[in-house]
Amino acid sequence: MIHSHPQEKLELAKLLERVPIPIKESVEEPAAKINALLQAYWWLVVGDTVSHQLLIIKRVTVTESLPVKLEFTLPNGTHSLKL
């Protein structure tokens, strides 16, 4: 069983209000914490698929829409990028 501190339960309750897909479990259940964290935090990763080089990685909080600005510098040449 996963135990939560009172402050952690408050943070989880706030997080549960923001997740795009409603979570059925109560704040007391360990599954609620896992489901909320899986929905709330995502990683945006941009890499060059030819050279297998990681160019940028950014952790974001997911909501119904996600306007994100990624800024990075590419070396000269042709690139095959994937987000």
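Here, every reference points to the structure presented above.
Since the structure is predicted, the reported quantities are computational estimates derived from the model, not experimental observations. (Residues numbered from 1 in each chain as written. Predicted model: local features only at pLDDT ≥ 70, side-chain atom pairs only at ≥ 80, totals over all residues. Heavy atoms only, no water.)

### Quick word on the overall build of the protein
In plain terms, the rule: In this text, helices come from DSSP runs of H or I with a minimum length of four residues, and strands from runs of E with a minimum of two, each type numbered from the N-terminal end. In this scheme, a residue with accessible area under 20% of its type's maximum is buried, one over 50% is exposed, and one in between is partly exposed, where area comes from a 1.4 Å probe on protein chains only. Contact definition: two residues touch when any of their heavy atoms are within 4.5 Å.
For the protein, the helix and strand inventory stands at two helices and three strands. Along the protein, helices and strands appear, N-terminal first, in the series α-α-β-β-β. Residue burial in the protein is summarised as follows: out of 83 residues, 19% are buried. In the protein, the proportion of contacts linking residues at least 24 apart, taken out of those at least 6 apart, comes to 29%.

### With respect to the layout of surface pockets
To find the voids left in a structure, one rolls a probe of water-molecule size over its atoms. Condition: Here the term cavity refers to a set of points on a 1 Å grid, laid over the protein atoms alone, in which a 1.4 Å probe fits but cannot get out; the term pocket refers to an open set having protein on both sides within 12 Å along at least five of seven lines, with lining residues being those that place an atom within 4 Å of a point. Grid points are joined across faces, edges and corners, and a volume is the space filled by probe spheres set on the points.
What the largest pocket holds in volume is close to 150 Å³. Around the largest pocket, the lining residues are Glu8, Glu11, Leu12, Leu15, Arg18, Lys33, Leu37 and Tyr41. Every element with two or more residues in the lining of the largest pocket is listed here: helix H1 (6–18) and helix H2 (30–40). Among the elements that line the lining of the largest pocket, the one with the most residues is H1, at five residues.

### Points about the sheet that holds strand E3 (residues 81–82)
The following threshold applies: Here, a strand pair is defined by DSSP locating no fewer than two bridges between the strands.
Pairing is antiparallel in the open sheet, where three strands are placed in the order E2-E1-E3. Because the sheet does not close on itself, it has two edges, and the strands there are strand E2 (53–61) and E3. Alignment of strand E1 (residues 41–48) against E3, held across two bridges, turns out to be antiparallel. The residue bridging Asp48 from the neighbouring strand is Leu81, located in E3.

### Some thoughts on the nonpolar core
Rules: Put simply, buried Ala, Val, Leu, Ile, Met, Phe, Trp, Tyr and Cys residues joined by side-chain atoms within 4.5 Å make one nonpolar core.
Residues Leu12, Leu15, Leu16, Ile23, Ala32 and Ala36 constitute the largest nonpolar core, which totals six residues. Of all elements in the fold, only H1 and H2 reach the threshold of two or more residues within this core. With three residues, H1 is the single largest residue contributor to this core. Aside from chain neighbours lying at most four places away, what touches Ile23 is Leu16, Ala32, Asn35, Ala36 and Gln39.

### Looking at the side chain of Asp48
Going by this rule: Nitrogen and oxygen atoms within 3.5 Å of one another constitute a polar contact, given that in protein one can donate a hydrogen and the other can accept it, and given that sequence-neighbouring residues count only through two side-chain atoms.
Mapping Asp48 onto the fold places it in strand E1. Reaching out from Asp48, the side chain makes a polar contact with the backbone nitrogen of Val50 at a distance of 2.9 Å. Within polar-contact distance, the side chain of Asp48 engages the backbone nitrogen of Ser51 at 3.3 Å. What Asp48 contacts, discounting residues up to four positions off in sequence, is Gln53, Leu55, His79, Ser80 and Leu81.

### Some details on a nonpolar patch on the surface
Selection rule: A patch consists of residues whose relative accessible area exceeds 30% and which take part in no salt bridge; residues with like charges are grouped when within 9 Å of each other, and nonpolar side chains (Val, Leu, Ile, Met, Phe, Trp, Tyr) when within 5 Å. Note on areas: Shrake-Rupley, 1.4 Å probe, and residue coverage restricted to the protein chains presented here. Between Lys or Arg on one side and Asp or Glu on the other, a salt bridge is scored when a side-chain nitrogen of the former is within 4 Å of a carboxyl oxygen of the latter.
Taken together, the side chains of Trp43, Val45, Leu54 and Ile57 define a hydrophobic patch exposed on the protein surface, amounting to about 410 Å² of accessible area. Elements supplying a minimum of two residues to the nonpolar patch: E1 and E2. Its location among the elements puts Val45 in strand E1.

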